[in-house]
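Structural description and commentary
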Amino acid sequence: MDEILRTEGLSVCFGGFWALRGMDFSVRRGELRVIIGPNGAGKTTLMDLITGRTKPTEGRIFFEGHDITGKNPHEISSLYGIGRKFQGPNLFENMTAAENLLLAEPAERTVFSSLFRGASADSLKRAGAVLQKIGLDGKKSRRACELSHGERQWLEIGMLMMQKPKLMILDEPTAGMTEDETFRTGVMIRQLLGGQTVIIVEHDMKFVRQIAEKVTVFHMGHILAEGPINVIENNPEVVRVYLKSGSEGEEKSAFS
Amino acid sequence: MKRLFSVEANKWTDAALFLFFGIFPLFGLQFYTQLFEKYLIFMIFAFSLDILWGYAGLMDLGHAVLFGIGGYIMALGLSAQGGIPDFMARCGVTQMPQWLKFLCAPGAAAALGIIMPAIMAWLLGKFLFSSKVGGVFFSVITLAIAQVFSLFIQSQQKYTGGFNGICGLPGLSLFGAELDLNQSYYAVFAASALIFIFCRALMGSRFGLILQGIRENEMRLEFLGYDPADFKAAVFALSGAIAGFAGVLYAPVNGMIAPNDVGMEFSTAAIVWLAVGGKGNLTGAAIGTMLVNIIGNALSEQFGPFWQLLLGLAILAVVFFVPDGISGGLLRIFEGKREKAADGHG
């Protein structure tokens with residue numbers, strides 16, 4: 001089993017509240033993993049720990065065999081190749097859609113390499129192709145803040161397509177989307193798969209059924225269950241803590 | 001994909017400004033030529049603030065410190081051309097200090113006047129940005145530094161001329177020969193045009209794009225693999241070098257330099273030029289500098305002591321009605337038109 005990511009006894013404590021407790025979580029290379037669970041279960045916290053936004057209280061994180069525990073976000077992104085889409089679009093608001101994509105391009109990312117360097121023909125071509133994939137080719141010179149909510153979510157997914165990280169983390173990519181937009185997002189994410197490992201945090205069960213292979217259920221800072229979607233959906237424990245109140249979770253996610 | 005890296009709407013404004021300053025001395029208005037020469041130097045200073053504040057979003061409220069370091073180094077060098085300067089002799093200095101001998105070569109003074117502010121900005125930037133100081137805190141710290149710096153200059157009467165500053169400086173000279181008014185004007189004009197082109201090229205490159213990314217969403221940029229602290233220190237140093245260069249030109253052109261050229265007052269003046277002209281596109285820095293200074297000058301001639309009050313009202317009006325400044329307003333109109341045309345094509 002070729003593991004790309006593994007956490008060992010990962011715990012984090014925020015002022016007395018243990019958001020994660022001794023989490024052992026692992027993902028295989030090339031896998032599409034969906035994480036579900038009620039609000040406050042520690043889903044986003046785990047993503048913060050993997051990408052270096054939060055430092056763990058205890059435990060270690062390994063990526064491709066390297067210990068990345070406690071590294072800076074920019075190192076984790078540039079040296080190890082972990083990319084992230086945030087919960088709710090997180091963009092460069094006053095820059096155009098195309099500029100947002102070009103910034104995500106993993107090209108010159110240091111001061112001296114970027115001085116007087118224009119965009120290469122290749123990166124412009126890639127940006128053009130990504131714009132087409134996310135359905136924004138007619139709006140490439142629109143500022144991010146002028147796009148609709150769904151389009152903004154897609155733009156951030158497009159940024160991940162440009163970045164081409166080895167591991168892609170999508171935190172609630174369909175939050176606040178209409179049913180139709182959600183379906184299109186699922187198709188987009190399916191296109192992404194191809195050598196890349198993807199972790200998705202989601203609330204929308206219909207969307208999870210559309211894309212999921214293996215699902216992990218979080219509850220109160222630890223893993224409650226893990227397995228194929230059809231098995232998980234019939235697990236009585238999962239139904240009790242999460243799926244029963246699933247519709248409520250969906251509503252909440254729309255406002256988060 | 002054409003308008004990714006350049007702001008085309010400003011092309012015509014740039015050309016018009018270039019033409020205006022290029023032919024202005026031909027009208028033979030000596031007084032205004034002299035005045036505009038000074039404004040062209042202010043423009044260089046405004047460009048240096050624009051790459052820092054307009055692009056990277058770092059509002060330096062003490063930017064004149066960097067200008068002042070360059071200006072004072074140049075002024076000291078120039079004042080020591082004929083032996084110990086008067087203001088030093090008056091304070092009892094009888095022997096020329098070693099460092100001042102070195103500054104006697106105008107080339108050396110000019111080089112140091114550019115390098116010193118760059119190094120100081122870089123060091124300060126490294127220290128502040130790697131300890132995650134940003135936003136308002138950066139502004140407050142730079143404001144405090146400006147105040148301390150101008151007090152420091154006033155207290156070191158022996159070496160800086162104290163409150164009176166250093167005056168009676170010789171004008172701009174090139175290869176040993178002092179330039180006349182028109183020559184000096186064109187030298188400054190060429191310098192500001194070159195700095196403008198340099199800044200435009202740099203801000204149009206990936207470096208400039210990354211700076212804008214820092215301004216818009218620094219945290220997001222970190223997760224894309226960039227270290228924002230490195231970029232902020234770099235642009236601060238670069239901005240320091242350009243501000244220092246403006247100071248180096250200012251000392252001979254103005255004939256004197258004094259503490260109020262380097263403190264809070266001049267720093268906030270530059271902030272106002274950018275706010276009025278519009279920041280983050282360089283053209284606005286040029287427009288704002290000219291407009292505020294010309295109007296200020298005209299008002300002071302017309303209304304005497306009330307001119308600053310009237311200028312203040314005019315500035316408030318601009319900032320209130322056109323929050324993006326004049327160039328930002330122009331840009332929005334152009335962009336709107338282009339988008340309509342682009343959407344028409346599908």
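The structure presented is a predicted model; accordingly, all values stated were derived computationally and were not measured.

Conventions we followed
Residues numbered from 1 in each chain as written. Chains lettered and ligands numbered in written order. Predicted model: local features only at pLDDT ≥ 70, side-chain atom pairs only at ≥ 80, totals over all residues. Pairing = 2+ DSSP bridges. Helix = DSSP H or I, 4+ residues; strand = E, 2+ residues; numbered from the N terminus. Contact = placed C-beta atoms within 7 Å. Axes fitted to C-alpha atoms, helices over the stretch in contact; angles between N-to-C directions. pLDDT = per-residue confidence, 0-100.

1. So, the sheet that holds strand β5 (residues 66–67) of chain A
All names here are of chain A. Strand order across the open sheet formed by 4 strands is β2-β1-β4-β5, with antiparallel pairing between neighbours. Two strands lie at the open edges of the sheet, namely β2 (17–28) and β5, each paired on one side alone. As defined by bridge partners, strand β1 (residues 3–14) adjoins β2 across 8 bridges and the pair is classed as antiparallel. The residue of β2 that forms the bridge with R6 is S26. Helix α1 (residues 43–50) contacts β1, β2 and β4 (58–63) of the sheet and is inclined by roughly 70° relative to β2.

2. Observations regarding the confidence of the model for chain A
On average, chain A scores 88 in pLDDT, and the residues at 70 or more come to 95%. Confidence drops under pLDDT 50 across residues 246–256 of chain A; counting only partners more than four residues distant or on other chains, this segment forms 15 contacts.

3. Focus: the sheet that holds strand β6 (residues 82–85) of chain A
Residues and elements named next belong to chain A. Overall, mixed pairing links the 6 strands, which are arranged β6-β7-β8-β3-β9-β10 in an open sheet. With one partner strand each, in any of the chains shown, β6 and β10 (222–228) form the two edges of the open sheet. Along the sheet, successive strands turn relative to each other by an average axial angle of 20°, direction set aside. When strand β3 (residues 32–36) meets strand β8 (residues 197–201), the two strands line up parallel, connected through 4 bridges. Each residue of the ladder has a partner; that of L32, found in β8, is V198. Taken strand by strand, helix α6 (residues 149–163) contacts β6 and β7 (167–171), and its axis lies near 170° from that of β6.

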